[in-house]
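Structural overview
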Amino acid sequence: VIEADDFLKPAAARGFDFFTGVPCSFLTPLIDRVIGDLKLTYIGAASEGEAVAIAAGAWLGGRKTVVMCQNSGLGNAVNPLTSLNHPFRIPTLLIVTWRGEPGLKDEPQHEVMGQITSRLLDLMGIRHREFPVIEADIGPALNEAEAHMAAGLPFALIMRKDSVRPRGLNQAEPTLKPRGQRRDFGETVAPAARPMRREALARFLELIPDRAAVIATTGKCARELFTLTDRPQHFYQVGSMGGASALGLGLALNVKRPVVVLDGDGAALMKLGNLATIGAFAPTNLVHIVLDNGVHDSTGGQQTVSATVDFADLALAAGYRLAARSDGLEGFADGLRWALAAEGPVLLHQKIRPGSEPLLGRPSVPPDQVARRFKDFVLNPL
Ligand SMILES: Cc1ncc(C[n+]2csc(CCOP(=O)(O)OP(=O)(O)O)c2C)c(N)n1
């Protein structure tokens, strides 16, 4: 058993000071110390997949990141680990607990994951070793992690029960804030008169300042943005569906420039918990646009349930400072100008028509290059 600081101090000396994740009772002593140390950032996420995407955004913003989770949460994280970290070569240090370790008396719900934890990491191509439980192992464990992360890949430390000595939790009460404000833009227009995604994106590109970083969600949104214009300030988040707003949060917390997320209704619904984390950590420079065509357009137009969902109200209920809805193209332009001038986080719920260009390209810049030129862009002085 080690003290949390035995691990956290040398980790911080190497630059690991951005932590996110979801708790596990095996992790409690480490997480509690991270929360209690005001020199470290801890973003408590709603899900482990969200935490992985938040960490990816923070890495793009120049941070060295740690994602802490239970091995049962590894299941929630498989999608972004395989379709975001891997193709974009975004490293993170995972600390994954080992509930259900064979031979350990534990709950039945952990049995299977306990048997497959290290094999699951192997299958995902994620190198791992045991979380250090004696001081002499800490330096070598961090060295090994950093050596693998230098190639742009995650590395995992598997934490056994009672690895870290508990010292108690000291966490400040959350600050309550008044509910944000809603404003709607333009006329309600008939569905057939709503803009196409391509028209909204073209208008977006006219209005967005060059200094803004833009993250485009999975599917045709990223492909259409790329087809309209390819710029270093675009992050085409081709996988990790639902993760764009979490990536935007991780980035926006670490840079001063505007961060704009272009989301889809299907993707936003897949990870609604992201809204609450954004609302709580509330970066003022985050603009979250939901382009809502009511369908999973990218996979053939199957309906989502967005017809009965008011994303602007959801955002305000989740703690966003501002939210708006518009149906028409002019309303979108007005809403976007307003959002860019405002203190966020702000959500724009834009109704659009399904459909896309028939000859749609796919980002031809390899994802690892997209990530690196994007990172260079965001880290350049404004
Ligand atoms: C986890 C996961 N599930 C499903 C898919 C397949 N998929 C790719 S894009 C997409 C639809 C996204 O819908 P929405 O966010 O509404 O955007 P739209 O396609 O309408 O632009 C789906 C289901 C995926 N890439 N990842």
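Quick caveat: nothing in here was measured; it's all calculated off a predicted structure.

The environment of the ligand is formed by 15 residues, the closest being Arg197, Gly266, Ala267, Val295 and Ser298. Here an oxygen atom of the ligand sits 2.8 Å away from a polar atom, N or O, in the side chain of Arg197. Here an oxygen atom of the ligand sits 2.9 Å away from a polar atom, N or O, in the side chain of Asn293. Across the complex, the protein chains shield 76% of the 580 Å² of accessible surface that the ligand would expose by itself.

What follows deals with the sheet that holds strand S7 (residues 181-185). Backbone hydrogen bonds are what pair the strands of a sheet, in a parallel or an antiparallel way. Spatially, seven strands are ordered S7-S14-S15-S11-S10-S8-S9 in an open sheet, and the strand pairing comes out parallel. Single-partner strands in this sheet number two, and they are S7 and strand S9 (234-236). The average undirected angle you get between the axes of adjacent strands in this sheet is 15°. Inspection of the sheet shows strand S8 (residues 213-216) paired to S9 by three bridges, in the parallel sense. Of the residues in S9, the one forming a bridge with Ala216 is Tyr236. In this fold helix H7 (residues 197-207) packs onto S8, S9, strand S10 (259-264) and strand S11 (286-292), with an angle of close to 155° to the strand it touches most, S11.

Another point: the environment of Thr117. Considering the arrangement of structural elements, one finds Thr117 in helix H5 (residues 111-123). When its relative accessible area of 1% is taken as the criterion, Thr117 is described as buried. C-alpha separation for the pair Thr117 and Asn71, spaced 46 residues apart in sequence, amounts to 6.6 Å. Leaving out residues up to four positions away in the same chain, Thr117 has contacts with Asn71, Leu74, Val96, Thr97, Trp98 and Ile158.

Before going further, it helps to examine unusual backbone geometry. Cis rather than trans, the peptide bond between Gly344 and Pro345 has omega equal to 5°. Summarising the element assignment, Pro345 is placed in the loop between helix H13 (329-341) and strand S15 (346-351). Positive phi is not limited to glycine here, since Asp162 has a value of about 60°. Within the secondary structure layout, Asp162 lies in the loop between strand S6 (155-159) and S7. Taking relative accessible area as the criterion, Asp162 reaches 59% and is therefore assigned exposed. With a phi angle near 40°, Ser240 is a residue other than glycine that sits in the positive phi range.

With respect to the helices and strands, the residue Lys375 is situated in helix H14 (residues 367-379). Although buried, Lys375 forms no salt bridge, and the nearest oppositely charged side chain, Asp376, lies 7.3 Å from it. Non-local contacts of Lys375, meaning those with residues more than four positions away in its chain, are made with Trp59, Leu60 and Gly62.

With that settled, the discussion passes to the side chain of Ser245. Structurally, the position occupied by Ser245 is in helix H9 (residues 244-252). Of the residues examined, Ser245 reaches a relative accessible area of 3% and is grouped as buried. Look past the residues within four positions of Ser245 in its chain and what remains in contact with it is Val261, Asp263, Asn274, Ile278 and His288.

Applying the stated criterion across every chain yields a total of five aromatic pairs. Measuring from centroid to centroid gives 4.8 Å for Phe7 and Phe131, while their planes differ by 45°, and the two rings are tilted. Of this pair, Phe7 sits in helix H1 (residues 4-13) while Phe131 sits in the loop between strand S5 (127-130) and helix H6 (135-149); the two residues are 124 residues apart in sequence, bridging distant segments of the chain. Residues Phe226 and Tyr236 carry aromatic rings whose centres are separated by 5.5 Å and whose planes lie at 85° to one another, so their mutual orientation is edge-to-face. You can see Phe226 sitting in helix H8 (residues 220-228) and its partner Tyr236 sitting in strand S9, a full 10 residues away along the chain. With respect to class, Phe226 is no different from Tyr236; both count as buried. Aromatic rings pair up to connect Phe88, Phe235 and Phe374 into one cluster. Here Lys64 stacks its cationic end above the ring of Phe16, 5.0 Å away from the centre of that ring. The aromatic ring of Phe377 is capped on one face by Arg257, whose charged end is 4.4 Å from the ring centroid.

What counts as what
Residues numbered from 1 in each chain as written. Predicted model: local features only at pLDDT ≥ 70, side-chain atom pairs only at ≥ 80, totals over all residues. Heavy atoms only, no water. Near = heavy atom within 4 Å. Polar contact = N/O pair within 3.5 Å; in protein donor to acceptor, adjacent residues only side chain to side chain. Areas by Shrake-Rupley, 256 points an atom, 1.4 Å probe, with all protein chains shown as cover. Pairing = 2+ DSSP bridges. Helix = DSSP H or I, 4+ residues; strand = E, 2+ residues; numbered from the N terminus. Axes fitted to C-alpha atoms, helices over the stretch in contact; angles between N-to-C directions. Contact = heavy atoms within 4.5 Å. Buried < 20%, exposed > 50% of the residue type's maximum accessible area, 1.4 Å probe, protein only. Lys, Arg positive; Asp, Glu negative; His and termini not counted. Salt bridge = Lys/Arg side-chain N within 4 Å of Asp/Glu carboxyl O. Phe/Tyr/Trp six-rings, centres within 6.5 Å; stacked < 30°, edge-to-face > 60°. Lys NZ or Arg CZ within 6 Å of the ring centre and 35° of its normal.

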